[in-house]
Amino acid sequence: MCTGRTPRALDAILDGAAMKGGLTLWRSRRGIWYALLSATMDVPVAEASGGWVGVDRGQNHLAVASTPTGRPRFWTFGVVRQARRHDAAKRRRLQKAGKRKTITRLGHKEARLVRHVNHVISKQVVRFAVDHGCGIRLEELRGIRQTARQRADTKRQADQNRDYWSYVDLETKIVYKAALVGVPVEKAPAAYTSKSCCRCGAIGQRERHRFRCPRCGYRGHADHNASRNVGRWIGVACPVVRERGASVMGASVPPGAVYDSPQAPYATDPVRGTA
Ligand SMILES: [Zn+2]
């Protein structure tokens, strides 16, 4: 792509940091020729991380990241929402006029916007992790649309419906940008990250964008709370969540323990005692 400056991959090849791969010429449908150059380069070994920045796909925000100390960073849908609303109205007009080709083009334009914003956000997420000397923990995306239900009326409004957002694309971009600078990336199961308290692990109440814990009294932004849970996930809760039915049915759970919570080990930790 001609951007007026040398692309990073090309710089790396010229510096001898990367090995050049194949070169392909490709002509776009508009008749513009592109030279696609692939490069192979060594990336820094991802160091074991002291802490983790948790990145959550927010209910109200596009994404929320937070450091182990709880410092958050929010990414809103902002301009994207405005563009969506505008395009939805345009699409309705085109549909009436039967202009199918133009509708397809509009779809491509939207997909490009999503990819562009994902580039920007993924870069900032990686930067955020580097600045705080942390690795990145993402929530597991499999089955997300089945678990994170949206209200039907929210879904009908083009600018409010979150399903169009490609989180898989965002994840892919975060993973490769992190690899380039040697930041480790992990995945945490998404279940219960938004329902549990990030302080004590109890299942709390969520009202719109606020989260409230009935046990320790913690109150905070719901998406922020969820991203802290993703960052603090310690890996033990996963099988508990998967075998939820069985563990709830069994009576072998110590008193004070909280079922199905990513933070459950905290609550029952014999060293720290129950909260
Ligand atoms: Zn709590």
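Our subject is the structure that appears above.
Residues numbered from 1 in each chain as written. Predicted model: local features only at pLDDT ≥ 70, side-chain atom pairs only at ≥ 80, totals over all residues.

A. Local environment of the pairing of strand β3 (residues 51–56). Counting buried positions over the six residues of β3 gives five, a clear majority of the element. As paired strands, β3 and strand β6 (residues 134–139) are joined by five bridges and run parallel to one another. Looking at the pairing, Gly54 lines up with Arg137 of β6. The pairing of β3 with strand β4 (residues 63–66) spans three bridges and is classified as antiparallel. Along β4, the bridge assignment pairs Asp56 with Val64. (Buried ≥ 20, exposed ≤ 12 C-beta atoms within 10 Å, placed from the backbone. Helix = DSSP H or I, 4+ residues; strand = E, 2+ residues; numbered from the N terminus. Pairing = 2+ DSSP bridges.)

B. Focus on the pairing of strand β5 (residues 72–75). Pairing analysis gives four bridges linking β4 to β5, with the strands arranged antiparallel. Bridge pairing links Ala65 to Arg73 in β5. Between the antiparallel neighbours β4 and β5 lie five residues, among them Gly70 with a positive phi of about 95°.

C. Examining the sheet that holds strand β9 (residues 210–212) more closely. One open sheet accounts for three strands, arranged β8-β9-β10; its pairing is antiparallel. Strand pairing shows two members of the sheet lacking a second neighbour, β8 (205–207) and β10 (219–221), which therefore form its edges. Along the sheet, successive strands turn relative to each other by an average axial angle of 25°, direction set aside. Bridge count between β8 and β9: three bridges; the pairing is antiparallel. From the neighbouring strand, Glu207 faces β9, where its bridge partner is Arg210. Across the sheet, helix α7 (residues 222–232) touches β8, β9 and β10, and the angle it forms with β10 is around 95°. (Axes fitted to C-alpha atoms, helices over the stretch in contact; angles between N-to-C directions. Contact = placed C-beta atoms within 7 Å.)

D. Broad picture of the sheet that holds β4. Ordered by their spatial adjacency, five strands build an open sheet running β5-β4-β3-β6-β7, and the pairing between neighbours is mixed. A single partner strand is all that each edge strand has here, and the edge strands are β5 and β7 (185–188). Adjacent strand axes in the sheet meet at a mean angle of 25° when their direction is disregarded. Together, β3, β4, β5 and β6 form the strand contacts of helix α3 (residues 100–131), whose direction differs from that of β6 by roughly 135°. Strands β3, β4, β5, β6 and β7 of the sheet are contacted by α7, whose axis makes an angle of about 135° with β3.

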